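Each chain is listed here by its residues.
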Amino acid sequence: MLIDPENLRAPDPVLAVIAGSGAGPIRLAEGQYEIGHFSFDMLLSARGGNLAGGDLWSDHPEFPWGYGEGKPDCYGVCDSPVQFMDDHGAWLNETDRKFCISFTPIHKAEQGPDGGWRWHKWGAYVGRGTPTYEYLYDEPDFETVYCFHIYERTD
């Protein structure tokens with residue numbers, strides 16, 4: 001089931017500026033948050049990141065399906081939070097295990113022609129489109145994609 005973390009840490013103001021996201025996480029629905037960076041673990045962790053030894057969340061939960069079977073791993077890329085939940089959220093909501101998900105938008109308009117965001121660096125794509133280029137900047141059929149990360153409560 002998707003749950004809201006009980007005590008999200010406030011973002012460190014200096015790190016928020018460095019990450020380009022002065023705002024805190026945006027709650028989209030129960031257990032679903034949009035963030036402007038890739039470090040949701042820093043908001044979940046009692047120690048401010050890296051979710052190790054004694055924290056209540058794991059950033060690498062295991063799932064009953066194999067990697068690459070068209071199902072999400074603990075992190076990857078989707079078209080939107082709504083698409084992710086429509087296509088892959090049923091099991092997360094039906095299990096007794098407790099999860100939350102962060103979604104980070106990646107906008108093609110913010111990418112440059114040299115370098116930039118690449119598909120293969122962020123986990124499996126579990127959306128409905130068909131990526132055809134290495135870089136988001138070159139994709140004709142994508143304007144925004146979301147990197148997601150699934151966390152499991154371990155207590």
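Below is a short write-up of the structure. (Residues numbered from 1 in each chain as written. Predicted model: local features only at pLDDT ≥ 70, side-chain atom pairs only at ≥ 80, totals over all residues. Heavy atoms only, no water.)

What follows covers helix H3 (residues 81-94). Since the α-helix advances by 3.6 residues per turn, residues separated by three or four positions end up pointing in the same direction. At His-88, H3 shows its largest bend, some 70°. Turning to H3, its buried residues number three or more, namely Pro-81, Gln-83, Phe-84, Met-85, His-88, Gly-89 and Leu-92. On its buried face, H3 is in contact with strand S1 (26-29), strand S2 (32-34), strand S4 (75-78), strand S5 (99-107) and strand S7 (144-153). (Bend = angle between axes of the 7 residues up to and from the residue. Helix = DSSP H or I, 4+ residues; strand = E, 2+ residues; numbered from the N terminus. Buried < 20%, exposed > 50% of the residue type's maximum accessible area, 1.4 Å probe, protein only. Contact = heavy atoms within 4.5 Å.)

It is worth spelling out the pattern of salt bridges at this point. A side chain of one charge can pair with a side chain of the opposite charge if their charged atoms are brought near each other. Throughout the structure, instances matching the rule amount to six salt bridges. Of the charged contacts, one joins Arg-118 and Glu-134 as a salt bridge, the two residues approaching to 2.8 Å between their closest N and O atoms. In this pair, Arg-118 sits in the loop between S5 and strand S6 (124-125) while Glu-134 sits in the loop between S6 and S7, placing the two residues 16 residues apart along the sequence. For Glu-134, a relative accessible area of 39% puts it in the partly exposed group. (Salt bridge = Lys/Arg side-chain N within 4 Å of Asp/Glu carboxyl O.)

With that settled, consider the packing of aromatic side chains. Applying the stated criterion across every chain yields a total of 10 aromatic pairs. Ring centres of Phe-38 and Trp-122 lie 4.5 Å apart, and the angle between their planes is 25°; this geometry places the pair in the stacked category. Of this pair, Phe-38 sits in the loop between S2 and helix H2 (41-44) while Trp-122 sits in the loop between S5 and S6, and the two are 84 residues apart along the sequence. The interplanar angle of 45° and the centroid separation of 4.6 Å between the aromatic rings of Phe-84 and Phe-148 together place this pair among those described as tilted. Of the two residues, Phe-84 sits in helix H3 while Phe-148 sits in strand S7, which places them 64 residues apart along the sequence. Neither Phe-84 nor Phe-148 differs from the other in exposure class; each is buried. Of the aromatic side chains, those joined through ring pairs into one cluster are Trp-117, Trp-119, Tyr-125 and Phe-142. (Phe/Tyr/Trp six-rings, centres within 6.5 Å; stacked < 30°, edge-to-face > 60°.)

Positionally, His-107 belongs in strand S5. Look past the residues within four positions of His-107 in its chain and what remains in contact with it is Leu-136, Glu-143 and Thr-144. A distance of 3.0 Å separates a polar atom in the side chain of His-107 from a polar atom in the side chain of Thr-144. (Polar contact = N/O pair within 3.5 Å; in protein donor to acceptor, adjacent residues only side chain to side chain.)

The full count for this structure, using the stated rule, is zero disulfides. The thiol sulfur of Cys-78 is not disulfide-bonded, and the nearest other cysteine sulfur, from Cys-147, lies at 8.4 Å. Owing to a relative accessible area of 0%, Cys-78 belongs among the buried residues under this scheme. (Disulfide = S-S within 2.5 Å.)

Next up on the list: the nonpolar core. In terms of nonpolar packing, the biggest core is built from 14 residues, with Cys-78, Phe-84, Leu-92, Ile-101, Phe-103, Phe-148 and Ile-150 touching the most fellow members. Only H3, S5 and S7 provide two or more residues apiece to this core. (Core = buried A, V, L, I, M, F, W, Y, C linked by side-chain atoms within 4.5 Å.)

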